[in-house]
Amino acid sequence: MSSTPISSSNDIGTSSGGSRAKPALIDPGSLMRIKNLELRARSVVEGFLTGLHRSPYHGFSVEFTEYRQYSPGDDTRFLDWKLFARSDRYFIKCFEDETNLRCHLLVDMSRSMSYGTVGYQKAEYAKTIAATIAYFLSLQRDAVGLLTFDESIVDHIPARFRPGHIHRLMMSLERTPTGTATDIEKPLEQIAATVAKRGMVVLISDLLTPLDTLEKQLGYLCARGHEVVVLRVLDPTEIDFSFDKPAMFHDIESGRDLFIDPESARESYLEQFREHAEALQVICSKLGISLHQLPIDRPLELMLFDLLSDRLNRNRHSVRQRSPIGGSGS
């Protein structure tokens, strides 16, 4: 990842006595048995919020930009009392945008996302991620949009906050993947071309695709001022290649059948997988993009916690860099 979480993902909450207490996390297998996607997302978010001792998502929506010295008539709600304690001077927090966050969810619906060995598919897990993020942001009155894609753009719902919008977004996510190949370039181009106002772009995909053009498209989004997050969704067997018997493997996207002996193929597969993952990490690190690898048997509450913790750390780092107090912000 491009930044360090504020605490261990397993320590979402604390007990009233101050000792760490692990909250009960929803087993993803049990969660996927809930047919209604919105209810599924609500279950994750409510469980997440219940497990928190205090709210780490406070202030998640507003983009801080700089301090300025207090002038008579300024709204005292925006006084920074911590800075006052350090400097004995009054400073006001200025904000770039008083409207809420605009988040654009890009969800891979290609045929490779229909793979799964844990009782459900990567596509179901990816759709649940998107639904969970959308539901969480809607509670904060943030605008959420959705773009689903395979080898072409399937559906595009602009980011809005209004009655009925989340239901429309959930209905779009409910659709079954029908595409074959994956073309990440088109959805990234679409968002960069149509979304002028800065926001957050969350790409949810297995990224089992050539990375030749990915750096260019992600770089263009970053250059437009968007905050980009990549959530890489993978089945556990794609990570460790834990097959033990020779079998016929079907390439979902190309339609080819291949007979493979795992013992002879494992080393080569893992090496290529590692090289692909490292190349992706290099691209994201260079562009300052948060990259999270998510096995589909990982509880969704931990995904949400990592995402919010990562963003808060980035914002705090940004504030320290921009603050005129304390020199370099260290």
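Residues numbered from 1 in each chain as written. Predicted model: local features only at pLDDT ≥ 70, side-chain atom pairs only at ≥ 80, totals over all residues. Heavy atoms only, no water.

1. A word on the sheet that holds strand 5 (residues 153-160)
Stage number 1. Reading across the sheet, the 6 strands line up as 5-4-3-6-7-10 and stay open at both edges, with mixed pairing between neighbours. Here the strands that pair on one side only, and so sit at the sheet edges, are strand 5 and strand 10 (290-295). Along the sheet, successive strands turn relative to each other by an average axial angle of 15°, direction set aside.
Stage number 2. When strand 7 (residues 227-234) meets strand 10, the two strands line up parallel, connected through 6 bridges. Residue V229 lies in a different strand from strand 10, and its bridge partner there is S290.
Stage number 3. Strands in contact with helix 6 (residues 185-194) are strand 3 (102-108), strand 4 (143-149), strand 5 and strand 6 (200-205); relative to strand 5, the strand with the most contacts, it is inclined by about 30°. (Pairing = 2+ DSSP bridges. Helix = DSSP H or I, 4+ residues; strand = E, 2+ residues; numbered from the N terminus. Axes fitted to C-alpha atoms, helices over the stretch in contact; angles between N-to-C directions. Contact = heavy atoms within 4.5 Å.)

2. A word on the environment of M113
Stage number 1. Inspection of the secondary structure puts M113 in the loop between strand 3 and helix 4 (122-139).
Stage number 2. Sequence separation between M113 and E124 is 11 residues; the distance between their C-alpha atoms is 8.4 Å.
Stage number 3. With residues near it in sequence (within four places) discarded, M113 still touches D108, Q121, K122, A123, A126, S205 and D206.

3. Observations regarding the packing of helix 2 (residues 37-50) against helix 5 (residues 165-173)
The geometry of a pair of packed helices is captured by two quantities: the angle between their axes and the separation between those axes.
Stage number 1. Contact pair helix 2 / helix 5: the axes reach a minimum separation of 9 Å and the direction vectors enclose 110°. Between helix 2 and helix 5, the angle falls in the class roughly perpendicular. Facing L37, E38 and A41 of helix 2, the residues of helix 5 in contact are I166, H167, M170 and L173.
Stage number 2. Each residue belonging to the contact of helix 2 with helix 5 can be placed in one class, and the counts come to 5 nonpolar, 1 polar and 1 charged. (Parallel < 35°, antiparallel > 145°, perpendicular 65-115°, else oblique. Nonpolar A, V, L, I, M, F, W, Y, C, P; charged D, E, K, R; others polar.)

4. With respect to the environment of E185
Stage number 1. Here E185 lies in helix 6.
Stage number 2. A residue is classified by how much of its surface remains accessible, and E185, at 26% relative accessible area, is partly exposed.
Stage number 3. Expressed as a C-alpha distance, the spacing of E185 and L211, which sit 26 residues apart in the sequence, is 9.8 Å.
Stage number 4. Beyond its immediate chain neighbours, meaning those up to four positions away, E185 contacts T213 and Q217. (Buried < 20%, exposed > 50% of the residue type's maximum accessible area, 1.4 Å probe, protein only.)

5. What to know about the pattern of salt bridges
If the charged atoms of two oppositely charged side chains come close together, the side chains can form a pair.
Stage number 1. Scanning all chains against the criterion turns up 11 salt bridges.
Stage number 2. A salt bridge links K122 to D206, with the nearest nitrogen and oxygen atoms 2.8 Å apart. Of this pair, K122 sits in helix 4 while D206 sits in the loop between strand 6 and helix 7 (214-223), and the two are 84 residues apart along the sequence. Each member of the pair, K122 as well as D206, carries the same accessibility label: buried.
Stage number 3. A salt bridge links D155 to R175, with the nearest nitrogen and oxygen atoms 3.1 Å apart. Here D155 is found in strand 5, whereas its partner R175 is found in the loop between helix 5 and helix 6, with 20 residues between them in sequence.
Stage number 4. Where salt bridges share partners, they join R40, E124 and K127 into one cluster. (Salt bridge = Lys/Arg side-chain N within 4 Å of Asp/Glu carboxyl O.)

6. Examining helix 6
Stage number 1. Taken residue by residue, helix 6 has P187, L188, I191 and A192 as its buried positions. The buried residues of helix 6 occupy an angular sector of 130° when the element is viewed end-on, so they sit on one face.
Stage number 2. Structurally, helix 6 contributes buried residues whose contacts are with strand 3, strand 4, strand 5, strand 6 and helix 7. (Arc of directions from axis to C-beta.)

7. Describing the packing of aromatic side chains
Stage number 1. This structure, assessed with the given rule, holds 4 aromatic pairs.
Stage number 2. Measuring from centroid to centroid gives 6.1 Å for Y269 and F273, while their planes differ by 25°, and the two rings are stacked. With Y269 and F273 both in helix 9 (residues 262-287), this residue pair falls 4 residues apart, about one helical turn.
Stage number 3. Judged by relative accessible area, Y269 falls into the partly exposed class, the value being 26%.
Stage number 4. For F273, a relative accessible area of 12% gives the class buried.
Stage number 5. Site record: aromatic cluster; members linked through ring pairs are F241, F243, Y269 and F273. (Phe/Tyr/Trp six-rings, centres within 6.5 Å; stacked < 30°, edge-to-face > 60°.)

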